[in-house]
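Spelled out from the first residue to the last, the chains are:
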Amino acid sequence: MISLSMFPIFKLDAHAATVNASTIAELQQAINDAAEATEIVLTADMQLTATVTVPAEKDITLKGGVTLTRTSSSIAFDIKEGASLTWEDIILDGNAKDTNYKSAVINNQGKLTINGGEVKNINSTSPMVGIVTAKGPNAVLTMNGGSIHDNYMSNQFTNVVKITEGASFFMNGGDISNNTLEHGGSSVLNAAVGVEGIKGNSTMEMTGGTITGNTAEYGGILVGTYSTNYTRSENWSNPAYLYSTGTLKLNGGTISNNTAATLGGGIAVNGTGKLIMDGGTISGNKAPFGGGIGVNDYLTSSDIGTSTEEARWRSFFPAAATINGGLITGNEATMTAVTTQISDPNAENGVGGGLYVASKEVYVNGGKFTNNTAGKQGGGIYVASVPYV
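Residues numbered from 1 in each chain as written. Predicted model: local features only at pLDDT ≥ 70, side-chain atom pairs only at ≥ 80, totals over all residues. Heavy atoms only, no water.

**Considerations on the pairing of strand β1 (residues 17-21)**
Strand residues, when the strand is regular, have side chains that alternate between the two faces of the sheet. What counts here: Pairing between two strands requires that DSSP report at least two bridges joining them. A helix here means a DSSP run of H or I that spans at least four residues, while a strand means a run of E at least two residues long, and both kinds are numbered starting from the N terminus. The crossover handedness rule: strands pointing away from the viewer, path from first strand over the helix to second strand clockwise, crossover right-handed.
In terms of strand pairing, β1 meets strand β2 (residues 38-42) through five bridges, oriented parallel. Opposite V19, over in β2, you have I40 as the bridge partner. Crossover β1 to β2 through helix α1 (residues 24-33) is right-handed.

Have a look at this one:
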């Protein structure tokens, strides 16, 4: 009798299949033909003359160190629910091309992992756009490396990275840097990264990497909502979305040198937003309200009307922040822009260098506040008056 134990057992490599592609047509065909996890090596620079689609059940890794250049406003990569794309060392050059309304350049409803490469030079003038978007409860974006940088956006409800409708974002490395989002006229309600409490509970967990040098209405990261009226129109029409939130868990990494025209140079916790800070560094950011972090529940805004009780409003728009650790240093509350969004006379010259609080759900249990400044009041922390104190 021959025992099977006499023979060595070999395991198949999970990425055993490797295919080369030198054109967009070959790339799409290689994706379509992939019957297992497949590594596609791009062997030449390419013009993106069509959207590259990763269908459900496909597990694709792209590498080759080449440049893919956009030629139109169409989506460049469309990752369907149930699909997986790992982005290694590819450069996606936007070629200053525009985007379409409520669209993306990389649209992800499945799993996108960025380990290297670049996404740069997109010029978007359309509203409700995320250059890199993760959308839906099964969408996961993981950033371990690479750079999303030097992009330009000039409309409302826009982000360089948009996490929405219950999606998740894990930032472990890489950078989101030097992006410009205009904040005048119709170009408002934007941030470099948006974690939206819209149609589901969206989350971001940051353990590494850098978000730096970005300019927008809400600076580095907006957690929650841009507009309470828009949020109500999206969430209140379906009971399943009624208490949707956007949550940022900050455990590491650096958020630095970002500038906001209104609230939260580093992080804005707005309306449906929640922040849990256990680590990381927030430094050198600027905004009129909260150079480092700004928190606003909109309780004193005209949006609440006369028919909504305070407790009920807070259940929809908690604007909660819990700071247990980390470093908040060298941030500045200052008038960074002249904008109609700022009507509070207390904003003259800036309030809340490290932290601005307009919420009853802010708790500082630990962490360090050092060398933060304000043009008017509250270099370290500023708490708005009625009804918060």
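Continuing now.
**A few points about a nonpolar patch on the surface**
Here is the rule we go by: Grouping into patches uses exposed residues only, defined as over 30% relative accessible area, and leaves out salt-bridged ones; the cut-off is 9 Å for like charges and 5 Å for nonpolar side chains (Val, Leu, Ile, Met, Phe, Trp, Tyr). Surface accessibility in these figures is a Shrake-Rupley result with a 1.4 Å probe; residues are shielded only by whichever protein chains are displayed. By definition here, a salt bridge exists when the distance from a side-chain nitrogen of Lys or Arg to a carboxyl oxygen of Asp or Glu is within 4 Å. Under the scheme applied here, a residue whose accessible area is under 20% of the maximum for its type counts as buried, over 50% as exposed, and between as partly exposed, the area being computed with a 1.4 Å probe on protein chains only.
Residues V364, I381 and V383 make up a contiguous nonpolar surface patch of roughly 210 Å² in combined accessible area. With respect to the secondary-structure elements, V383 resides in strand β42 (residues 381-383). The class for V383 is partly exposed, based on a relative accessible area of 37%.

**Structural notes on the packing of aromatic side chains**
The cut-off we apply is this: The rule is short: rings of Phe, Tyr and Trp, with Trp giving its six-membered ring, pair when the centres are within 6.5 Å, and they are stacked under 30 degrees, edge-to-face over 60, tilted in between.
Applying the stated criterion across every chain, the model contains nine aromatic pairs. Pairing Y218 with Y226 gives two aromatic rings, centres 6.1 Å apart and planes at 50°, and the pair type is tilted. Classification of Y218 as buried rests on a relative accessible area of 5%. Classification of Y226 by relative accessible area gives buried; the value is 4%. Relative to F316, the ring of W236 has its centre 4.5 Å away and its plane inclined at 50°; by these criteria the two rings are tilted.

**Regarding the side chain of N151**
The following threshold applies: Nitrogen and oxygen atoms within 3.5 Å of one another constitute a polar contact, given that in protein one can donate a hydrogen and the other can accept it, and given that sequence-neighbouring residues count only through two side-chain atoms. By definition, residues are in contact when any of their heavy atoms lie within 4.5 Å.
For N151, the location among the structural elements is in the loop between β16 (147-149) and β17 (152-153). Owing to a relative accessible area of 2%, N151 belongs among the buried residues under this scheme. A distance of 3.5 Å separates the side chain of N151 from the backbone oxygen of V119, its partner in a polar contact. Not counting chain neighbours up to four residues away, the residues in contact with N151 comprise V119, K120, N121, I122, I131, V160, N178, N179 and T180.

**Focus: unusual backbone geometry**
In this structure, E57 is a non-glycine residue whose phi angle is positive, near 75°. Checked against the element boundaries, E57 lands in the loop between β4 (52-54) and β5 (59-63). Residue E57 is classed as exposed on the basis of its relative accessible area of 71%. Of note, F157 is a non-glycine position whose phi angle comes to about 55°, a positive value. Looking at the element boundaries, F157 is found in the loop between β17 and β18 (158-164). The exposure class assigned to F157 is buried, which follows from its relative accessible area of 10%.

**Thoughts on the sheet that holds strand β36 (residues 327-329)**
Filter applied, for reference: All axes here are fitted lines through C-alpha atoms, helices being fitted over the stretch that makes contact, and every angle between N-to-C directions spans 0 to 180 degrees.
Strand order in the open sheet formed by 11 strands is β3-β6-β9-β12-β16-β20-β24-β28-β32-β36-β40, with parallel pairing between adjacent strands. Bordering the open sheet on either side are β3 (46-48) and β40 (368-370), each of which pairs with just one other strand. Recorded for the sheet is a direction-independent mean angle of 10° between the axes of neighbouring strands. Note that strand β20 (residues 175-177) and strand β24 (residues 210-212) share three bridges and pair parallel. Looking across to β24, one finds that I176 is bridged to I211.

**Examining α1**
Definition in use: This arc is taken over the directions from the axis of the helix to the C-beta atoms.
Listed in full, the buried residues belonging to α1 are I24, L27, Q28, A30 and I31. Down the axis of α1, the buried set is contained in an arc of 160°. They therefore lie on one face. Exposed positions of α1 whose direction lies more than 90 degrees from the buried face are A25 and D33. Looking at the buried residues of α1, the elements they touch are β1, β2, β3, β4 and β5.

**A look at the sheet that holds strand β38 (residues 355-358)**
Here we have 11 strands laid out as an open sheet, ordered β4-β7-β10-β14-β18-β22-β26-β30-β34-β38-β42, and parallel in their pairing. Edge positions in the sheet fall to β4 and β42, since each of these pairs with one other strand and no more. Pairwise comparison of adjacent strand axes, ignoring direction, gives a mean angle of 10° for this sheet. As defined by bridge partners, strand β22 (residues 190-196) adjoins strand β26 (residues 221-224) across four bridges and the pair is classed as parallel.

**What about helix α2 (residues 228-235)?**
Buried residues of α2: T228, T231, R232, E234 and N235, and no others. Along the axis of α2, the buried positions cluster into a sector of 165°, meaning they face one direction only. Contacts made by the buried residues of α2 are with α3 (310-316).

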